[in-house]
Amino acid sequence: MKKTLLLSACLSLVLAAPSLAASPKPDEKLADNQTINYWLLDANKTKDPQKNSDVEGSHIARQLFEGLFNQSYEGELVPGAALSYDVSDDKTVYTFHLRPEAKWSNGDPVTADDFVYAWQRLADPATGSTYAWYEELMNVKNSSEVIAGEMEPSELGVKAVDEHTFEVTLNSPIPYFIKMTTHTSTFPVNKKVVEQYGDEWTLPGNLVGNGAYKLVDDKLGQDITLERNENYWGNDDTVIDTIHFQAVNDKNQALTRYLAGEFDYIELPAGQFPRLKEEYPDQAHAVPRSCTYAFLFNLSDKGPEALKDVRVRKALSYAMNRDVVVNNITRGGQKPAYSWTYYATADFTPPVTDYSQWTQDERNEKAKELLAEAGYGPDNPLNLTLSYNTSDDHKKIAIAAQQFWKAIGVNVTLNNTEWKVYLDDLKNHNFDIGRYAWCGDYDEASTYLDYFRSGGMNYGGFTDPDYDAMMKASLTAENPAADYDKAEQILAEQMPLVPIYFYSTPVMVPEDVKGLPVENVLQNWYGKDLYRVAE
C-alpha cells in the first residue's frame, strides 16, 4: 500500500499560484525591457545536466531544463516537471506524477522515459559524469554497481510506469531524498537529440530543453543568450524575455560595467561591499549562501610526500589566519570556518573543533611545533605550490596564505590558471594545494560531508575507513546528527583541507529587477520567476 503525499508547496500551487512564476505586486508596472544581463566569473564549460559540475553551469542549466521539483524564493520545494509524488510505506519506492502538459522546446512531450534515460545516463560510466556519485548518494538501487561498471544502466532502480509516471527505488530510505531532486544532474534530457548529435547536442540549434528558456547563441561559453521557450508549460506566466550570460574574470571590471548599466547581477570584488552598501543601499546586498571556501590538500599518489603527514596538514591549517581573510580581504559578511559543513545548513549544529577555540598566536605556535616534529625547519625548508583559478579575490587570499605560511617557515609558490584548465588539474590531481569552494547541492549536511567519502567527488583523494563508515551509518540513522558531528571531528583530526570561510555573497542588483532569491541559502534562481519594473 502506498500513501500519497502532496508537498506543502503543492498546496500553495492551489492557494497562491503566482508564487510559482513571476509575481509582480499590484502597484508594480512592468518595464518594456524584460532582459536580464547576468555576470559569470568563468566561461561556461558545459550545458549538459549530467556532465556539469559547477555552480555557474547549474545556473544556466536551470533555465534550459527543469527537474522534478523547483525551489521557491524562500527555498521551499514547488512543483516542476512533477506535480506530486507517492512513497511506499517502507519509504524506498517513490512514484512521481509528471505534469502531462510539459513539452520539450521542439514540441515533443516530456515523459517518464526521459527521466529514466537521464538518470541511467548519469550513472553510466560511458557518460563520464563527475557527478555520477550523486546518484549513489541519493541511494538509488544498484547505483553503486552501475557506476562501477558491474551492472548495466538498465538495472538502475528507475522505471517508467507509464508515460507520465516515473518510479525510483532506493536501497534504503533517506529522509532528504526529495530535496535532492532539485539538483541539475537529475534533470531530464531528450534521448533522441543526445543520440543524434553526440557531443554536439548542447550547441545552439541542436540543444532541446524542457526549461523556461531555449539556447539561441553561445560564443565559446563566454557569451550566452537564452530566449523564452514558447513550448514551456508556464510560458504564459513568464515575464523575462531574454537572459544574457557573460563571463568576466575581473570582478572590478564587472563592477565598472554594472555601474555603466551593462550587468544586472554581479558579485562584488573582495573588500568593496562596505563602501558600495553606503553608496547604493538599495542595490548592494550580502546574502547568505551555502558554500564553504577552502584549500584542498592533494593526498593522492600524485600529491607531495610532505602532505601525507597529518602534522604538516594541521600546521598549514592552523597558520591560516581566517580573521584577516574575512575582516581585511573579503569584507562582505563572511564567517571564519574551522569546519567543513556550512554553518546555516538545515537541521545541522556546527561542530566545535579544538583549534577553533585557540587564539591565532596559539595556532601559530602549535603549527611551528608540528612542522618541527615532522622534520621541517631552517635546515630542511618545506616547499609547496598553491594553485588557484583566475580571480583577483582568489589571488589576494592566496597571497595572504603565502605570507601566513612563510611566517612558520613554509615556502609557497603561487600557480594561477584559467578555470577550465584549473578544473582539469583538480580532477587529475595535478596540484599540491588547491583553492576550492563547495556549495550545497541541497539543504542537508550530507551534501558537504559526502564530498570526502571514498568515491565522492573528493579531488584531494582523502580516504579514511572510519569516515566512510560514519557516512554509511548516517544513511540509515533515524537522526544522523551524531554521525555528522563525528565525521566533522575526523576531518578536523585528519585535516584533508584548510576550511577558510563560510560564504555570504555580496552582490549588486538594480532596484528594478525583482524575484532573485535572498532567503534561499542555495541561491538557486529561475529566470521564469524574475521581472523588471518600470522606474
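Treat the numbers as computed from the prediction; the structure is a model and nothing was measured.

A.B. asks: I tried to follow the UniProt feature "domain: Solute-binding protein family" (unreviewed entry) in the protein on my own but got confused; where do I start?
C.D. replies: In this structure's numbering, the residues bearing the UniProt feature "domain: Solute-binding protein family" (unreviewed entry) are residues 76-456. Helix makes up 28% of residues 76-456 and strand 23%, and the two end C-alpha atoms of the span are 27 Å apart.

A.B. asks: What is the right way to read the nonpolar core from this model?
C.D. replies: Core analysis: the biggest nonpolar cluster contains 144 residues, and F96, W119, F295 and W405 have the highest contact counts within it. The dominant element in this core, judged by the number of residues it contributes, is helix α3 (residues 112-123), at eight residues. Shared between two domains, this core takes at least three residues from each, and those domains are domain 1 (16-247 + 509-532) and domain 2 (288-505). Ignoring sequence-local partners within four residues, the contact set of F295 consists of M320, L386, I397, A401, W405, I433, G434, R435, L497, V498 and I500. Counting 13 residues, the second largest nonpolar core, distinct from the first, contains W39, A254, L276 and A284.

A.B. asks: Just to check I follow, could you spell out the pairing of strand β8 (residues 165-169) for this structure?
C.D. replies: Along any regular strand the residues' side chains alternate between the sheet's two faces. Burial analysis of β8 places five of its five residues in the buried class, which makes it a mostly covered element. The alternating pattern of β8 places T165, E167 and T169 on one face and F166 and V168 on the opposite face, and all of these are buried. By the bridge criterion, five bridges tie strand β6 (residues 93-98) to β8 in an arrangement that is antiparallel. Bridge pairing in β8 links V93 to T169. As defined by bridge partners, strand β7 (residues 158-162) adjoins β8 across four bridges and the pair is classed as antiparallel. Opposite D162, over in β8, you have T165 as the bridge partner. Two successive antiparallel strands, β7 and β8, enclose a turn made up of two residues.

A.B. asks: Would you mind showing me how to read the domain arrangement of the protein here?
C.D. replies: Where interface size is given, it is often the accessible area lost as the parts come together that is meant. Partitioning the protein into structural domains gives domain 1 (16-247 + 509-532) and domain 2 (288-505). The straight-line distance from the C-alpha centre of domain 1 to that of domain 2 is 30 Å. The interface is formed by 30 residues belonging to domain 1 together with 30 residues belonging to domain 2. The junction of domain 1 with domain 2 conceals about 2,600 Å² of combined surface from both sides, 59% of it contributed by carbon and sulfur atoms. For domain 1, the biggest contributors to the area lost against domain 2 are K45, W133 and V521; these three give 25% of the whole.

A.B. asks: Any chance you could explain the sheet that holds strand β10 (residues 223-228) here in plain terms?
C.D. replies: Taken in spatial order, the four strands make up an open sheet running β2-β11-β10-β9, and their pairing is mixed. What marks the edges here is a single partner per strand, and that holds for β2 (35-40) and β9 (213-219). Averaged over all pairs of adjacent strands, the angle between their axes in this sheet comes to 20°, without regard to strand direction. Across five bridges, the pairing between β10 and strand β11 (residues 242-247) is antiparallel. Following the sheet pairing, T225 is matched in β11 by H244.

A.B. asks: Looking at this model, I keep getting lost on the packing of helix α10 (residues 322-330) against helix α12 (residues 392-406). Mind explaining?
C.D. replies: A pair of packed helices is characterised by two quantities: the angle between their axes and the separation of those axes. Packing of α10 against α12 brings their axes to within 11 Å, and their N-to-C directions diverge by 140°. With respect to α12, the axis of α10 lies oblique. For the crossing formed where α10 meets α12, the hand is right-handed. Across the interface between the two elements, V324, V325, I329 and T330 of α10 pack against K396, I397, A400 and F404 of α12. The residue inventory of the contact of α10 with α12, partitioned by class, reads six nonpolar, one polar and one charged.

A.B. asks: Please clarify how the environment of R121 should be interpreted in this entry.
C.D. replies: Mapped onto the secondary structure, R121 falls in helix α3. In this structure R121 comes out as buried when scored by relative accessible area, which is 9%. A sequence separation of 323 residues divides R121 from E444, and the C-alpha atoms of the two residues are 25 Å apart. Excluding anything up to four places from it in sequence, R121 contacts D48, Q50, K51, T127, V189, V194 and W201.

A.B. asks: It is not clear to me how the state of the cysteines should be interpreted in this structure. Could you clarify?
C.D. replies: Defined simply, a disulfide is a covalent bond joining two cysteines at their sulfur atoms. In total, this model carries one disulfide according to the counting rule given. At a sulfur-sulfur separation of 2.0 Å, the disulfide partner of C291 is C439. Between C291 and C439, the S-S torsion sits near 105°, and that sign places the bridge as right-handed. Residue C291 is located in strand β13 (residues 284-297), and its partner C439 is located in strand β17 (residues 433-439); the two are separated by 148 residues in the primary sequence. Comparing C291 with C439, the two get one shared label, buried.

The rules behind each value
Residues numbered from 1 in each chain as written. Predicted model: local features only at pLDDT ≥ 70, side-chain atom pairs only at ≥ 80, totals over all residues. Heavy atoms only, no water. UniProt positions renumbered as here; feature names shortened; annotations may be inferred. Helix = DSSP H or I, 4+ residues; strand = E, 2+ residues; numbered from the N terminus. Core = buried A, V, L, I, M, F, W, Y, C linked by side-chain atoms within 4.5 Å. Buried < 20%, exposed > 50% of the residue type's maximum accessible area, 1.4 Å probe, protein only. Domains from an automatic or database assignment. Contact = heavy atoms within 4.5 Å. Pairing = 2+ DSSP bridges. Buried area = accessible area lost by both parts, 1.4 Å probe. Axes fitted to C-alpha atoms, helices over the stretch in contact; angles between N-to-C directions. Parallel < 35°, antiparallel > 145°, perpendicular 65-115°, else oblique. Left-handed = near helix turned anticlockwise from the far one by under 90°. Nonpolar A, V, L, I, M, F, W, Y, C, P; charged D, E, K, R; others polar. Disulfide = S-S within 2.5 Å.

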